[in-house]
Amino acid sequence: MLARQNHSTPLQWLGRQLFNRDDASAFFDPLLARINPMWVQEYTPARVQRIIRDTSDTQTFVLKPARRWQGFAAGQHVNICVEIDGVRHHRTFSLSSSTTLWHDEGLVTLTIKRLPGGRVTNWLHDQLKSGAVVGLSEAFGDFLIPEPVRPILFIAGGSGITPILSQLKTMAVHGFRAPVTLLYFVRDHDHAIAGEHLQNLAALHDLLTVKIVASQGGSEPRYLTQSDLNEITDLGCRDIFLCGPQGLMALAGELLDAKGVSRDKIHSTYFSAPQTDLDSEDLGGKVRFARSNLDVDSTGDAPLLEIAEAAGLTPQHGCRMGICHQCSCRKTSGTVVNRLTGQASGPGEDTIQLCISIPQGPVSLDI
Amino acid sequence: MKQMTEAQLTELEQDLNAIRNDVLADLGERDARYIRRVVRLHRTLEVGGRVLMPFGFIPPVFVAATVALGLSKIIENMEIGHNVMHGQYDWMNDPSLHSQTYEWDTACSSDSWRRTHNYEHHTYTNIIGKDRDYGYAVLRLSDDEPWRPRHSLQFINYILLSTFFQWGVGLHELETERLHRREITLRSKLPFLKEFFRKGGRQAFKDYVFFPLLTFPVAPIVLAGNIGANLIRNLWSSTVIFCGHFTQDAETFTEEECWGDGKNESKGHWYLRQLSGSSNFTGGRWVHLLSGHLSFQMEHHVFPDLPAHRYPEISDRVREVCAKHGIHYNTGSFARQYGTVLKRIAAFSLPDRLRARLPALDVA
C-alpha cells in the first residue's frame with residue numbers, strides 16, 4: 001500500500017531494463033535518503049512537524065507529507081510505516097485534521113492512542129520526535145460525509161473519535177448546513193480526545209450538538225441507551241456514523257435496529273479487524289508453500305500469514321488486519337475463508353491477503 | 001564423511017542450533033544499518049562508475065571507472081543479491097531487501113537462482129548426481145564420475161566458464177547434460193529459456209547497448225569498460241565460488257549415504273554434510289565483503305539465512321563445535337585454497353591411472 005502505483009510508460013520500461021526493478025527511481029533511495037529523507041521515492045515520506053499531547057495516553061502528530069501526496073477526504077485513514085529496531089512496521093490510523101489544513105498549509109494530523117502492550121503506538125509515543133520522517137500511504141476508506149449534506153448523527157467511542165474529528169473540523173470550515181449531533185463516549189472526561197475543541201465547535205455552530213458521556217464517571221457504567229437516541233430529533237432522516245470499540249458498535253447497531261433505522265443509513269469504520277464468527281470446525285488444512293518447497297498442516301482458524309511465519313517463512317506483510325494488501329500473494333489452488341467477510345474463495349487461482357485468509361482444506365500458495 | 005552415531009548427530013544439531021538461536025535473538029538495528037550501508041556503497045560505486053566511464057579516454061579514469069563498476073557488480077551480486085535472496089534480511093520487512101522479490105544485476109534471473117541455488121545446491125550440497133553445482137556439469141572434480149577423453153581439456157572449459165560465468169550461471173537451469181542424455185526435452189525448458197532471454201537480454205542491453213549508445217562519441221570506450229567490469233565480476237565470483245566446495249579437503253557424498261535403506265537424512269546429518277563439504281578462506285574485512293562472506297562458506301552452509309556479516313563473529317563458535325565433534329574446519333589462505341582447487345581441476349582431467357602415478361596431483 002505504501003508503494004506508489006505506477007502506470008507503465010516507456011520510461012518505466014527503461015527503468016526496469018536498467019535497474020531490474022519496477023520502481024527505478026527508488027534505486028537511488030539509499031543515496032537520496034542520506035541527502036534528504038524527504039526525497040525518497042519508494043514511499044511518500046512525511047516529516048513530523050510537531051507533537052501535541054491530547055490526553056494522558058493520546059498524542060497528535062502533525063505531519064508534513066511530501067507534496068506529491070494526493071490528499072484525502074475527511075473520515076479516511078492512512079497507513080504509516082516506521083522502522084523499529086531494524087524492522088519495518090505498518091499501521092493504519094485515521095487522519096484527524098480538516099482537509100483545509102492540508103490544502104492551506106500542507107499539513108495533516110494523526111491522533112494516536114497508546115495501546116497497552118502495542119509495539120508501534122508505544123514506540124510512536126516514546127521514540128518518535130519532531131523532525132523525524134515516516135512513510136505515508138495514500139488515504140483510503142469510504143467513511144465519508146454524505147454529499148449533499150444531510151442531517152447526521154455521529155456515535156463515537158474512545159479513539160474512534162479521530163475520523164469524526166476530521167469530519168467535524170472540515171464541516172466547520174464550510175459551515176454546518178444541516179443538524180449534526182455527536183454522542184461521544186469516553187471512560188472519563190480526562191480521556192476525551194479534543195474535548196475542549198469539540199465543545200468550542202458546538203458553541204460556535206448552532207447546528208452542531210456535542211454530548212460527551214463519561215461511561216465510568218458514576219457508580220454504574222453508563223453506556224449508550226435508547227433514551228440517548230430518543231433525544232435525537234428526526235433520527236429517521238439522519239445519516240449515522242459509528243466509530244469506536246466493538247462493544248459500542250454492536251450496542252449501537254442493536255438500538256438503531258430496534259428504532260427501525262434502515263441499515264443503509266448506517267456507516268461504520270473499525271480500528272481493529274472485525275471478525276465474523278467462523279465455524280472453525282471445517283477450517284484448517286494442509287498448506288503448500290510451493291516456492292519454498294514446504295508443506296505444513298494447520299488446524300483451526302489460524303490465518304495463512306501466521307501459518308507461514310510459524311513454518312519459518314517471512315512473507316512480506318503490513319497491517320496484519322486486511323487493510324494494506326502488502327501481504328497479497330497468489331493462491332494457486334484450494335479454498336480460503338476471508339476472516340473479515342466470512343466469505344470462502346473459489347478453488348482456483350486467486351490473489352489473496354495472507355493475514356486474513358484462513359485455509360479451508362488443502363491450499364497451495366506461490367511463496 | 002566422518003561417521004557419527006545418531007546421538008552424536010543430535011548433539012551436533014543442538015550445538016549449532018544454539019549458535020543460530022543466539023544470532024536470531026539478537027537481529028536488529030545493527031544488521032539493518034550494515035546492509036543499508038553496503039547498499040549505499042553499491043549505489044555510490046555504480047553511479048560513480050557509470051558517470052566516470054565516458055571520460056575513459058583518459059587512461060587512469062578508464063581504470064577507475066571500470067574497477068568501480070566491477071566492484072559495484074561484485075558487491076551487488078555477492079553481499080547484497082546472494083544474501084538477500086537467501087532471506088537473510090526478510091525479517092526487516094523491507095520490500096527492497098526481500099528474498100522473494102529481489103532481482104539482481106546478473107544474467108541469471110532471481111527466480112532461476114532461487115530454484116537452482118537456494119533449493120538444489122543448498123539442499124543437496126556436494127551429493128554427486130544431485131548437486132549440479134558440483135562441477136557445473138562441465139567439470140569432472142571427483143572419482144565419482146568416470147574419466148572420458150573430453151575431460152583432458154577441462155582446464156580450458158574452466159577458464160571459459162570463469163570468463164563467462166554470469167552466462168553459465170544463467171543457463172545452469174537448462175540442464176544441458178540431461179538434454180544430451182535425452183532425459184528431458186528442450187520443449188520442457190521453453191518457459192525457462194524465455195525467462196533467461198528476458199533477463200539476459202536486459203543485462204546485455206544495459207551494459208552493451210544502452211550506456212554505450214547514450215555516450216555515443218565515446219561508445220567504444222564505454223562498451224570496453226562495461227565488458228571489463230563484467231569480466232572482473234565474473235572472474236572474481238567464479239573464483240570465490242570454486243573455493244567454496246572444490247578445495248582439497250571438501251568432501252563429496254553419495255545419495256546412499258544420506259537416504260540409503262529408505263532412511264531420511266536427519267538435520268544433524270545435514271549439518272555434518274554442510275560442514276564437511278564446504279571450505280573457508282581467510283582474509284581481511286574487504287575480502288569478506290567482496291566475497292559476500294562466502295569466505296565463511298562453512299558458516300554460510302549451516303546458516304544460509306543468517307545475515308552474512310555475522311559469520312565472522314560466530315566463526316570461532318562454529319570452529320569449537322567442529323573441534324568438539326572431530327570435524328575438520330577447512331580453512332586456509334585464499335592462495336592456498338585456490339591452489340588446491342586448480343590442482344583438483346587439473347588432477348581430474350587425467351585418467352585415474354595416470355593421476356595415481358603423479359603424486360603431486362594427489363587430491364582425493
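Residues numbered from 1 in each chain as written. Chains lettered and ligands numbered in written order. Predicted model: local features only at pLDDT ≥ 70, side-chain atom pairs only at ≥ 80, totals over all residues. Heavy atoms only, no water.

Draft legend 1. The interface of chain B and chain A, seen in detail. Listed per partner, the contact involves 35 residues of chain B and 25 residues of chain A. At the boundary of chain B with chain A, total buried surface from both sides reaches about 2700 Å², with 51% on carbon and sulfur atoms. Among the residues of chain B in contact with chain A, B:Arg43, B:Asn93 and B:Arg202 are the three that bury the most area, contributing 26% of the side total. With a shortest N-O distance of 2.9 Å, B:Arg36 and A:Glu83 are connected by a salt bridge. The interface formed by chain B and chain A contains 14 residue pairs in polar contact (both at pLDDT 80 or more). For the side of chain B that touches chain A, the element with the highest residue contribution is helix α2 (residues 29–52) of chain B, accounting for 10 residues. Taken together, the residues that form the side of chain B that touches chain A break down as 12 nonpolar, nine polar and 14 charged. (Contact = heavy atoms within 4.5 Å. Buried area = accessible area lost by both parts, 1.4 Å probe. Salt bridge = Lys/Arg side-chain N within 4 Å of Asp/Glu carboxyl O. Polar contact = N/O pair within 3.5 Å; in protein donor to acceptor, adjacent residues only side chain to side chain. Helix = DSSP H or I, 4+ residues; strand = E, 2+ residues; numbered from the N terminus. Nonpolar A, V, L, I, M, F, W, Y, C, P; charged D, E, K, R; others polar.)

Draft legend 2. Seen up close, the packing of aromatic side chains. Following the criterion strictly, the structure yields 28 aromatic pairs over all chains and no others. When the ring of B:Tyr119 is compared with that of B:Tyr124, the centres are 6.2 Å apart and the planes differ by 70°; the resulting orientation is edge-to-face. You can call B:Tyr119 partly exposed: its relative accessible area is 35%. Aromatic pair B:Phe334 and B:Tyr338: ring centres 6.3 Å apart, planes at 15°, arrangement stacked. Residue B:Phe334 and its partner B:Tyr338 are both found in helix α15 (residues 334–347); the two are separated by four residues, about one turn of the helix. Members of the aromatic cluster, each reached through a chain of ring pairs, are B:Tyr134, B:Tyr136, B:Phe155, B:Tyr158, B:Phe165, B:Phe242 and B:Phe246. B:Arg43 extends its terminal NZ or CZ atom over the ring of A:Phe27, reaching a point 4.3 Å from the ring centre. (Phe/Tyr/Trp six-rings, centres within 6.5 Å; stacked < 30°, edge-to-face > 60°. Buried < 20%, exposed > 50% of the residue type's maximum accessible area, 1.4 Å probe, protein only. Lys NZ or Arg CZ within 6 Å of the ring centre and 35° of its normal.)

Draft legend 3. Representation of the side chain of B:His151 in the model. Its location among the elements puts B:His151 in the loop between α4 (110–123) and α5 (154–163). For B:His151, a relative accessible area of 1% gives the class buried.

Draft legend 4. Spatial organisation of the pattern of salt bridges. All chains considered together, the criterion is met by 48 salt bridges over all chains. In this structure, A:Arg320 engages A:Glu309 in a salt bridge whose closest nitrogen and oxygen atoms are separated by 2.6 Å. Note that A:Arg320 is positioned in the loop between α9 (304–310) and β14 (328–338) and A:Glu309 in helix α9, a separation of 11 residues in sequence. In this structure, B:Arg50 and B:Asp207 form a salt bridge, with 2.9 Å as the shortest nitrogen-oxygen distance.

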